[in-house]
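# Examination of the molecular architecture
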Amino acid sequence: MLIKIAWRNIWRNKRRSIIVLSSVIVGIVAAICMDALQNGMLYQMLFNQINLSTSHIQIHKNGFIDNKIVQNTIPDNNAAEQAAIENEHVSFYSKRVITFGLISSANNSSGIFLFGVDPELEKNVSIIISSVVKGKYFETGIREVLIGTTLSEKLQVDIGDKIVCMANMKDGSIGSDVFRVIGIFRSPDSEYNKAYIYVPITDAQNMLELGAEYHELAIITKDYHFAPQAADEIESKLGERFEVLSYDEVLPLLVMQLDMYKEMIYVINFIIGLALIFGIINAMLMAVYERTQEIGVLMAIGMKNGKIVNMIVLEAFLIGLLGTIIGVVLGWVLYKGVLINGIDLSSFAESLDSFGIGAILYPKLSMENLISLLLTIPLISIIGAFYPAYRAVKLQPVTAIRHV
Amino acid sequence: MDLIKTENLDKTYSDNGVPVEALKDINLSFERGEFTVIAGPSGSGKTTLLNVIGALDKPTNGKIFLEGSDITIKKRKELSALRLNKFGFVFQAYNLIPVLSAIENIEFSMMLLGIPESERRSKALSLLDELEIKDLAYKRPNEMSGGQQQRVAVARAIVNDPEIVFADEPTANLDSVTGGKLLDLMEKMNRDKNITFIFSSHDNQVIERAKRLILLRDGKLDLK
Ligand SMILES: Nc1ncnc2c1ncn2[C@@H]1O[C@H](COP(=O)(O)OP(=O)(O)OP(=O)(O)O)[C@@H](O)[C@H]1O
Ligand SMILES: [Mg+2]
């Protein structure tokens, strides 16, 4: 019955209730959109790195991650590949030669990171194939090179042009080779467009005189959540000579940012709640004031203070809950209908690329946020009703009844 | 034993610092089943007396015994329970809960007593029937006339079988015919259910029906 009264009381002053309700709804929708954008951006940064080169798990010679010299090749290819294949979480892997060197065209030269990749295996592991915007992905797999858009502009080369690549060989002397530009890629991370080149792994191994050796076995798991666990399993199988790193160990800053953001949600929601609480306090104070006489009568007929508090708190709670539900539904519809298709940020893309986000931002709604909103805002409404309820029970029945 | 007995009741209001003596040395007793009217000119202290005896307000001095125990020393919470269990109130301005229908207003008092829902409904319906307002059961106060609202208010006041019903000028806002019918009703409840009624009024119609008349003048009992 108290719920019935509280609910009907909400609609006695429709305008006031609708104002409070709208502010709750707007707050919730804003919180959902902001979170989806921020969360989407962080995940996009992480997944772009994973998809560009980090993958889910990397197997190296122990120490490679801190010292990426050409000599640090995987000590036992078979063991590494076997360990990867045998792990139940693993779905794809790719072998990579990784080094740094110098690339020159007729017009210019530039320092680069060189990836020697297996054209077939790499397709399953990184998005480099889908990033090619001009020309094509490896065709013959012989002396072909993929370079980024920025680098192609700097070197003033186009599809079919030749470039020379130089790097330290395993024995310390300089090796070099000529490659033909087969494709130009544009990745979501401007660093890659500027300074990363991809050549077939066999060419890289020849140029660096590595034989069949390579530096990295990049693994994609069925579900990246299991990557750390799978990495541990593989590492224990391979032993001391290897290092097996999951993406979170390779990208600690991004992962930390994401974790921190997940905690920030609560702070942000708390701030939104704080902004809403004053509206609720105000509306409930007005309601109590308008109903002074009525509250006096309720007291006169023996309604206890606790019940009066409940009635007022319930009213605020119902407004908060209703606003939250409508807000969540609206936010959800907005998310599913508009945001999920991505937001084209081409006009800001230049600056966003350098964060590794890309031109199109795909917002991502987090369940944590929805749940946090569903809990926080109704709770805040309850808290906001305490002071008005306190004012109500402070009334003296006689003076309240005389009040007009 | 008297149902209610007052001893040297005083009530002094402070009107912006100026003391107003609304009640002076009131010694009264009431017995079960009374149908009593407190009459007196405006400002004589009728409302104040009802409020003080009805445990809505505290006297400045004096004692009030309800069935032998002093209620002036009781805590706010105890008084609230006392009003709920033993008293019923009818106000001049009806004062029903506007968001509740007639039957819900009656049920509300029972809800406060913790009576289960099914019992509430049937009891409220039979009471509405008794007061000949069954057809108003699902109307909200703003859909009812003053007389109808006051009948619902009477129903609300008596539904928990109180010892005493306090009615402060219950007919003041009603025309004489409607007021007369309301009085018929309360007389019937007094007769059939032995509910004690204490009114305040300066309406002759009410005063004529009183079985006992108490006169107030300037906050004092007029004992002539
Ligand atoms: N809350 C208050 N503060 C100050 N003075 C008050 C207060 N309530 C009543 N009074 C004063 O006390 C006196 C008695 O008032 P009360 O309302 O009891 O009279 P009444 O007999 O009920 O009058 P009426 O017939 O007009 O209702 C009056 O002088 C009134 O002005
Ligand atoms: Mg009065």
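Residues numbered from 1 in each chain as written. Chains lettered and ligands numbered in written order. Predicted model: local features only at pLDDT ≥ 70, side-chain atom pairs only at ≥ 80, totals over all residues. Heavy atoms only, no water.

## Considering the overall build of chain B
The helix and strand inventory of chain B stands at 7 helices and 11 strands. Its C-alpha atoms give chain B a radius of gyration of 17 Å, near enough to 17 Å, the size a compact globule of 224 residues would have. Among the 224 residues that make up chain B, the fraction classed as buried is 54%. When contacts within chain B are restricted to residue pairs at least 6 apart in sequence, long-range pairs at least 24 apart make up 72% of them. Counting only carbon and sulfur atoms, one obtains 47% of the accessible surface of chain B, whose full area is about 9800 Å². Separation between the mean location of the 31 positive side-chain charges and that of the 33 negative ones in chain B comes to 3 Å. (Helix = DSSP H or I, 4+ residues; strand = E, 2+ residues; numbered from the N terminus. Rg over C-alpha atoms; globule rule 2.2 N^0.38 Å. Buried < 20%, exposed > 50% of the residue type's maximum accessible area, 1.4 Å probe, protein only. Contact = heavy atoms within 4.5 Å. Areas by Shrake-Rupley, 256 points an atom, 1.4 Å probe, with all protein chains shown as cover. Lys, Arg positive; Asp, Glu negative; His and termini not counted. Charge placed at Lys NZ, Arg CZ, Asp CG, Glu CD.)

## A word on the interface of chain A and chain B
If you look at the interface, chain A gives 26 residues, while chain B gives 25 residues. Note on chain A versus chain B: buried area summed over both sides is about 2300 Å², and carbon and sulfur give 64% of it. Broken down residue by residue, the surface that chain A buries against chain B is led by Met1, Arg8 and Ile301 of chain A, which jointly contribute 29%. Our enumeration of links across chain A and chain B arrives at 2 salt bridges. Among the salt bridges present, the one from arginine 8 of chain A reaches glutamate 104 of chain B, with a minimum N-O distance of 2.6 Å. Connecting chain A to chain B are 8 residue pairs in polar contact (both at pLDDT 80 or more). Put simply, the parts of the chain that give the side of chain A that touches chain B at least two residues each are helix H1 (2-10), helix H11 (292-300), helix H12 (305-337), helix H14 (367-394) and helix H15 (397-402) of chain A. Tallied by class, the residues present in the side of chain A that touches chain B amount to 14 nonpolar, 5 polar and 7 charged. (Buried area = accessible area lost by both parts, 1.4 Å probe. Salt bridge = Lys/Arg side-chain N within 4 Å of Asp/Glu carboxyl O. Polar contact = N/O pair within 3.5 Å; in protein donor to acceptor, adjacent residues only side chain to side chain. Nonpolar A, V, L, I, M, F, W, Y, C, P; charged D, E, K, R; others polar.)

## Observations regarding the site of ligand 1
What surrounds ligand 1 is a group of 14 residues, the closest being Ser42, Gly43, Lys46, Thr47 and Thr48 of chain B. The environment of ligand 1 is shared, with nearby residues belonging to chains A and B. Take lysine 46 of chain B: an N or O atom from its side chain is 2.7 Å from an oxygen atom of ligand 1. A distance of 3.3 Å is found between an oxygen atom of ligand 1 and a side-chain nitrogen or oxygen belonging to glutamate 169 of chain B. Burial of ligand 1 by the protein amounts to 72% of the accessible area it has alone, namely 630 Å². At the level of elements, strand E2 (18-26) and helix H1 (46-53) of chain B are the ones that each hand at least two residues to the shell around ligand 1. Ranked by the residues each element gives to the shell around ligand 1, the list is headed by H1 of chain B, at 3 residues. In terms of residue class, the shell around ligand 1 is made up of 4 nonpolar, 7 polar and 3 charged. (Near = heavy atom within 4 Å.)

## Describing unusual backbone geometry
Residue and element names in this part refer to chain B. In this structure, glutamate 67 is a non-glycine residue whose phi angle is positive, near 45 degrees. With respect to the secondary-structure elements, glutamate 67 resides in the loop between strand E5 (61-66) and strand E6 (69-70). Judged by relative accessible area, glutamate 67 falls into the partly exposed class, the value being 30%. For asparagine 194, which is not glycine, the phi torsion reads 55 degrees and is therefore positive. Here asparagine 194 lies in the loop between helix H6 (176-193) and strand E9 (196-201).

## A word on the domain arrangement of chain A
The domain boundaries assigned to chain A delineate domain 1 (2-49 + 254-402) and domain 2 (63-239). Spacing between the C-alpha centres of domain 1 of chain A and domain 2 of chain A amounts to 49 Å. (Domains from an automatic or database assignment.)

## Looking at the sheet that holds strand E11 (residues 220-221) of chain B
All names here are of chain B. The strand order E7-E8-E9-E4-E10-E11 describes an open sheet built from 6 strands, whose pairing is mixed. Either end of the sheet is taken by a strand with one partner, and the two such strands are strand E7 (87-90) and E11. Inspection of the sheet shows strand E10 (residues 212-217) paired to E11 by 2 bridges, in the antiparallel sense. Each residue of the ladder has a partner; that of arginine 217, found in E11, is lysine 220. Across the face of the sheet, helix H2 (residues 76-86) comes into contact with E7 and strand E8 (164-168) while running at roughly 80 degrees to E7. (Pairing = 2+ DSSP bridges. Axes fitted to C-alpha atoms, helices over the stretch in contact; angles between N-to-C directions.)

## Some points on the side chain of serine 109 of chain B
With respect to the helices and strands, the residue serine 109 of chain B is situated in helix H3 (residues 102-112). Excluding anything up to four places from it in sequence, serine 109 of chain B contacts Ile301 of chain A together with Leu84, Arg156, Val159 and Asn160 of chain B.

## Quick word on the packing of H12 of chain A against H14 of chain A
All names here are of chain A. Relative to each other, H12 and H14 sit at 150 degrees, their axes nearing to 7 Å. By the angle between their directions, the pair H12 and H14 is classed as roughly antiparallel. The hand of the H12/H14 crossing is right-handed. Of the residues that constitute the contact of H12 with H14, the class distribution is 21 nonpolar, 4 polar and no charged. (Parallel < 35°, antiparallel > 145°, perpendicular 65-115°, else oblique. Left-handed = near helix turned anticlockwise from the far one by under 90°.)

## With respect to the packing of aromatic side chains
This model, assessed by the stated rule, comprises 19 aromatic pairs over all chains. Ring geometry for tyrosine 43 of chain A versus phenylalanine 47 of chain A: centroids 5.7 Å apart, planes at 25 degrees, classification stacked. Highlighted residues: tyrosine 43 of chain A and phenylalanine 47 of chain A, both in helix H2 (residues 14-54), separated by 4 residues, approximately one helical turn. Exposure remark for tyrosine 43 of chain A: the relative accessible area of 10% places this residue in the buried category. Plain terms: the ring middles of phenylalanine 87 of chain B and phenylalanine 166 of chain B are 5.1 Å apart, the flat faces sit at 85 degrees to each other, and that makes the pair edge-to-face. (Phe/Tyr/Trp six-rings, centres within 6.5 Å; stacked < 30°, edge-to-face > 60°.)

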